[in-house]
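Chain residues, written in single-letter form:
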Amino acid sequence: TSMTVGRVANAPVASALEGDLVTSADLRDSILRHLTYDLGKEPEMAEIHDWRIALSLALRERIVDHWFASMRTARHSGAKRVYYLSMEFLIGRLLEDSMVNLGLEEAADRALTDLGLNLQDILADEPDAALGNGGLGRLAACFMESLATVGCPAFGYGIRYEHGLFKQRFVQGRQVEEPEDWLQQRPAWEFERSDIAFKLCFGGEVSEDGGKAVWHPEEAVVAKAYDTPIISWQGRWANTLRLWSARPLHGFDLERFNRGEFAAAAEPEALARTISRVLYPDDTTEQGKELRLKQEFFFTAASLRDILRRFEAEHDNLRLLPQKAAIQLNDTHPAIAGPEMVRLLHDERGMELDEAIVTARACLSYTNHTLMPEALERWPEHLMHRLLPRHMQLIERIDAAHAVKQPTRQVSALEHGEVKMGELAFMMAHKVNGVSALHTELMKSTVFAELHRLHPDRIVNQTNGVTPRRWVLSANRRLSALITDTIGEGWVDDLEQLEQLEPYFGDAGFLDRYAAAKRENKADLSNWLATEMDLKVDPTALFDVQIKRIHEYKRQHMNLLETIALWKEIAANPDAGWTPRVKIFAGKAAPGYVFAKEIVHLINEVAAVINADPVTAPYLKVAFLPNYNVTLAERLIPAADLSEQISTAGKEASGTGNMKFALNGALTVGTLDGANVEIRERVGEENFFLFGMTADEVIARREVPGHAAQAIEADARLAGALADIGEGRFSPDDPGRYHGVTGNLSHHDYFLVCSDFTAYWEAQRRIDAAFADQNAWMRMAAINTARSGWFSSDRAIRGYMADIWNAEALEVPGPGDVLH
Ligand code: CR6
């Protein structure tokens, strides 16, 4: 199998081949060139990751010209740029995405076959870049792809964490966290920008000099840029994801080193680097840790400097800034952008304070992603004062200016010695958006009620979306082929065209092919479960999937209680014609979230007991797949029949997994929460399994004394499942292991698992019956696909452009000249 560069050089000349063969031959040459001259590897010595990196570099090379053309177009047009500031980008793998968007998949396949390699093996070798926790980070990644696809000139700004979200393993059913190391191998997509670096300061004090504030910081680090080009569908446009890495201002203390203090000599380096070392693994709780505040200021301040530098290279009147830069704050993590921008304009550029505030506000907008009090960021004033003394002064000014407008002074960003970052972000944004219709209304009536009364036009809705290139086209090849065969390829960047599928449902062939695609996806997953998890499942069973972070409000434990109750009922009456089911769970628990970790443990212990039961085996299996990430989601979603979206109503701001499932033809069992509401409106109530209390009912129910005990008393199945857990049926080695869980559910039950259980059980039995009629089920599934096109992130981005950013799309002149 020796394959030398020499032999390739003697390959048939390109001109003798078909166009696509030219491309594949070019690509093969370019893979070999990168392998040889960039990686310094001989083909016969190359390992799979060498080939993978060489292929990535070969593709990146084809992105670059297009990228430059896009940036040049943006510069010359004078158009407004969008800046998306996000603490998280949950990117996943990029190789397939880039290949598909460049239209080079067949060429790559052929090139690799020529080289004696297999494309699928190479794709599977790519690490999953997990610079985010969950929905918020994945949304940012989908938005980056859609910003490029709609041709909106944009930069994503974030942190280049050395370690992304931890890897999850199970040891005797318990979650164990291991560090993630995506940078271990040479990163294939980024360009290191040693020339793009900013000094950022912390601490010290502020003095006054002739009425001017002067900040004398005591600490400084350098933010250095790493750029990843993000290519659009069909390579029409490309934007930049710019991630900042922290470096010391003075790298290395040679004097100390020479004195023999080797470790001390490297200290400044280690200290500075800590800032971009690791992603905080919490999504919906805040720990209020100093390092986190440093991370937030670090990437926000670096990004703003970069934005101003670019603006000042192109324009000389700062008043034009809001016409040229729209800066979106993804949650409050970059909310320090408000005061920092005021500081840059006022302290550093001499703009009047009031004008600086107005100018900053005209540029900034803020997306809220949660109403849960434990997730809303608050920083102690003393910490803010110590780390960012000048910013603290400006926050007081901004807050005071706000107070003037409302003499009753009901709203303030300062409370109980803390800075409330949501209020600060709101005050410094010209638009504030929620992420689903319901969530936006709840923002108006709850957390931001007072601010909303003051600024009734500020809150707007932009329901989340997902990129169809990754979540349908790439992840579900069989479904995509069927769609394209039926209605052409236009749906890929105009997802509402999926509606055109519906007239074909009457045709004999269509629903059969739709069902076949689902069946084959399920067969693939069954094989994977057999090899990877040593679990045998019936590939025709109902695949019931709940994949997301483990959280009480998401109620994985309600799903598990229903699983236990179902198992008991099947065991008691095995011949009652049960619909076979595979319950699939995946998700990580935040390392410090004890209750969530107990749920993880319990799911694993219940799975072990149920899967070992020969009586129920034909009807019920439970799988908890470790290390949920973007790649695993891509594998699971196309094979799902049922999508579990069962949060306590009012708690899930939107959800985005719910959209991916609906597009891929899984039916939803769900509450009226987040974007579930809008999914149900679009797919039709007859194609959605609704259950449970509404957000209003939830609030009322909580007031009922003993609501949990009442609900348990009224439902023998729930009582039985809880009793089994409490008596140690799943933890015989430690029968009391789950007393915390059962005690919480029986007495407190803030998330109303018990009160919603009966309705959930009944919905599941309706689902059993519906699934038994496969023709009717597949029709409902296909309707979900056909009517979910609105949930494309292209639609979401166009909404932000029109309602928040006032930005327009551009086109590279003469597309096609640039690509290939
Ligand atoms: N945890 C919401 O909970 C929403 C995403 C993206 C979340 C979720 O419902 O879909 O944001 N919120 O908008 C936060 O991260 C704070 C999430 O992912």
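Treat the numbers as computed from the prediction; the structure is a model and nothing was measured.

J.: Would you mind going over the overall build of the chain with me for this structure?
T.: The secondary structure content of the chain amounts to 34 helices and 24 strands. The C-alpha atoms of the chain give a radius of gyration of 27 Å, which matches the 28 Å a tight globule of 820 residues would have. Per-residue burial over the chain gives 51% buried out of 820 residues. Considering only residue pairs separated by 6 or more positions, the chain has 76% of its internal contacts joining residues 24 or more positions apart.

J.: I tried to follow the pairing of strand E19 (residues 542–547) on my own but got confused; where do I start?
T.: In terms of burial, E19 is largely enclosed, as six of its six residues are buried. Burial along E19 is two-sided: Leu542, Asp544 and Gln546 and Phe543, Val545 and Ile547, pointing in opposite directions, are all buried. Of the strand pairs in this sheet, E19 and strand E20 (residues 581–586) are connected by six bridges, and their pairing is parallel. Following the sheet pairing, aspartate 544 is matched in E20 by lysine 583. You can see the chain leave E19, run along helix H23 (residues 556–572) and come back into E20, and the turn it takes is right-handed. Strand direction decides the pairing type here: E19 and strand E22 (residues 642–645), joined by two bridges, are parallel. Bridge pairing links valine 545 to serine 643 in E22.

J.: Just to check I follow, could you spell out the domain arrangement of the chain for this structure?
T.: Quoted interface sizes are often the accessible area lost when the parts come together. Domain assignment breaks the chain into domain 1 (1–77 + 96–127), domain 2 (78–93 + 128–462) and domain 3 (468–801). Averaged C-alpha coordinates put domain 1 and domain 3 at centres separated by 39 Å. At the interface, four residues of domain 1 touch four residues of domain 3. Partitioning the side of domain 1 that touches domain 3 into residue classes produces one nonpolar, one polar and two charged.

J.: Just to check I follow, could you spell out the sheet that holds strand E16 (residues 418–420) for this structure?
T.: Through backbone hydrogen bonds, the strands of a sheet pair up, either in parallel or in antiparallel fashion. The strand order E14-E16-E15 describes an open sheet built from three strands, whose pairing is antiparallel. Each of the sheet's edge strands pairs with one partner strand only, and the pair in question is strand E14 (378–380) and strand E15 (414–415). Pairing of E15 with E16 involves two bridges; the strand directions are antiparallel. In the sheet register, glutamate 415 faces E16, and the bridge partner there is glutamate 418.

J.: Would you mind going over the sheet that holds E20 with me for this structure?
T.: Spatially, E21-E20-E19-E22-E23-E24 is the arrangement adopted by the six strands of the open sheet, whose pairing is parallel. A strand with exactly one partner marks an edge of an open sheet, and here the two such strands are strand E21 (620–625) and strand E24 (689–690). Examined bridge by bridge, E22 and strand E23 (residues 667–670) share four bridges and lie parallel to one another. Counted as the bridge partner of glutamate 644 is valine 669 from E23.

J.: Would you mind showing me how to read the environment of isoleucine 91 here?
T.: On the secondary structure map, isoleucine 91 appears in strand E2 (residues 89–92). Residue classification places isoleucine 91 among the buried positions, given that 27 C-beta atoms sit within 10 Å. C-alpha of isoleucine 91 to C-alpha of glycine 674: the two residues are 583 residues apart in sequence and 23 Å apart in space. With residues near it in sequence (within four places) discarded, isoleucine 91 still touches Ala129, Leu131 and Ala141.

J.: Where do I start with the packing of helix H21 (residues 477–487) against helix H22 (residues 508–533) in this structure?
T.: Helices that pack against each other are described as a pair by the angle of their axes relative to one another and the distance between those axes. Across the interface, H21 lies against H22 with an axial gap of 9 Å and an inter-helix angle of 160°. The orientation of H21 with respect to H22, classified from their angle, is roughly antiparallel. Our pair here, H21 against H22, has a crossing hand that is right-handed. The residues of H22 that touch H21, namely those facing Arg478, Leu479, Leu482 and Thr486, are Phe510, Arg513, Tyr514, Ala517, Glu520 and Asn521. Taken together, the residues that form the contact of H21 with H22 break down as five nonpolar, two polar and three charged.

J.: Whenever I open this one, the site of the ligand confuses me. Can you help?
T.: Surrounding the ligand, one finds 18 residues, the nearest of these being Gly135, Leu136, His369, Ala653 and Ser654. Looking at side-chain class alone, the shell around the ligand contains five nonpolar, 10 polar and three charged residues. Residue assignment places the shell around the ligand across two domains, with domain 2 (78–93 + 128–462) and domain 3 (468–801) each supplying three or more.

J.: Could you clarify how one ought to interpret the confidence of the model for the chain in this entry?
T.: Detailed reading of the predicted coordinates is not advisable wherever pLDDT is low. Here the chain averages 95 in pLDDT, and 97% of its residues register 70 or above. Within the model, pLDDT remains below 50 along residues 1–17, and this stretch shows 19 contacts once partners closer than five positions in the same chain are excluded. Long-range and interchain partners of residues 815–820, a stretch whose pLDDT sits below 50, account for eight contacts in this model, where long-range means more than four residues apart. Both confidence scores are given for the complex: pTM 0.96, ipTM 0.98.

J.: Is there a simple way to explain the packing of H23 against helix H24 (residues 594–611) in this structure?
T.: Contact geometry of H23 with H24 gives a least axis separation of 11 Å together with a crossing angle of 20°. By the angle class used here, H23 and H24 are roughly parallel. The crossing of H23 and H24 is left-handed. For the pair H23 and H24, the contacting residues are Gln556, His557, Leu560, Thr563, Ile564 and Trp567 in the first and Ile599, Leu602, Ile603, Val606 and Ile610 in the second. In terms of residue class, the contact of H23 with H24 is built from eight nonpolar, three polar and no charged.

J.: Is there a simple way to explain the environment of threonine 274 in this structure?
T.: By secondary structure assignment, the location of threonine 274 is in the loop between helix H10 (267–273) and helix H11 (290–314). The class of threonine 274 is partly exposed, set by 15 C-beta atoms lying within 10 Å.

J.: Would you mind showing me how to read helix H30 (residues 716–726) here?
T.: The α-helix winds at 3.6 residues per turn, so residues separated by three or four positions along the chain end up facing the same way. Here H30 has its buried residues at Leu718, Ala721, Leu722, Asp724 and Ile725. Looking straight down H30, one finds its buried side chains confined to an arc of 155°; they lie on one side. Positive backbone phi, at 85°, marks glycine 728, one or two positions downstream of H30.

J.: Mind showing me how you'd approach the pairing of E23 here?
T.: Both faces of the sheet carry side chains from a regular strand, because those side chains alternate between them. Both faces of E23 are covered, namely the face carrying Leu667 and Val669 and the face carrying Thr668 and Gly670. Handedness of the crossover joining E22 and E23 through helix H26 (residues 657–663) is recorded here as right-handed. Pairing geometry for E23 and E24, over two bridges, is parallel. Bridge pairing in E24 links glycine 670 to leucine 690. Once the chain exits E23 it traverses helix H27 (residues 676–683) before rejoining the sheet at E24, and the crossover so formed is right-handed.

J.: Explain the nonpolar core here, please?
T.: Generally speaking, a soluble globular protein has its nonpolar side chains buried in company with each other. Core analysis: the largest hydrophobic core is formed by 243 residues, its most contacted members being Tyr83, Phe298, Ile327, Leu364 and Leu636. Aside from chain neighbours lying at most four places away, what touches phenylalanine 298 is Leu200, Val221, Ala223, Trp244, Ala246 and Ile275.

J.: Please clarify how unusual backbone geometry should be interpreted in this entry.
T.: The phi torsion of most residues other than glycine is negative, and most of the peptide bonds are trans. Located in the positive-phi region is glutamine 172, a residue other than glycine, with phi close to 50°. Given 10 C-beta atoms within 10 Å, glutamine 172 falls into the exposed group. The backbone of arginine 555 shows a phi angle near 60°, a positive value even though the residue is not glycine. Relative to the elements of secondary structure, arginine 555 occurs in the loop between E19 and H23. On the basis of neighbour counts, which here come to 26 C-beta atoms within 10 Å, the residue arginine 555 falls in the buried class.

J.: Could you clarify how one ought to interpret the environment of isoleucine 637 in this entry?
T.: The topology assignment puts isoleucine 637 in the loop between helix H25 (630–636) and E22. As for isoleucine 637 and alanine 781, which are separated by 144 residues in sequence, their C-alpha atoms are 13 Å apart. Among all residues touching isoleucine 637, those that are not within four sequence positions of it are Ala475, Lys660, Phe661 and Asn664.

Cut-offs applied
- Residues numbered from 1 in each chain as written.
- Predicted model: local features only at pLDDT ≥ 70, side-chain atom pairs only at ≥ 80, totals over all residues.
- Helix = DSSP H or I, 4+ residues; strand = E, 2+ residues; numbered from the N terminus.
- Rg over C-alpha atoms; globule rule 2.2 N^0.38 Å.
- Buried ≥ 20, exposed ≤ 12 C-beta atoms within 10 Å, placed from the backbone.
- Contact = placed C-beta atoms within 7 Å.
- Pairing = 2+ DSSP bridges.
- Right-handed = clockwise from strand over helix to strand, strands pointing away.
- Domains from an automatic or database assignment.
- Nonpolar A, V, L, I, M, F, W, Y, C, P; charged D, E, K, R; others polar.
- Axes fitted to C-alpha atoms, helices over the stretch in contact; angles between N-to-C directions.
- Parallel < 35°, antiparallel > 145°, perpendicular 65-115°, else oblique.
- Left-handed = near helix turned anticlockwise from the far one by under 90°.
- Near = placed C-beta within 6 Å.
- pLDDT = per-residue confidence, 0-100.
- Arc of directions from axis to C-beta.
- Core = buried A, V, L, I, M, F, W, Y, C linked by C-beta atoms within 7 Å.

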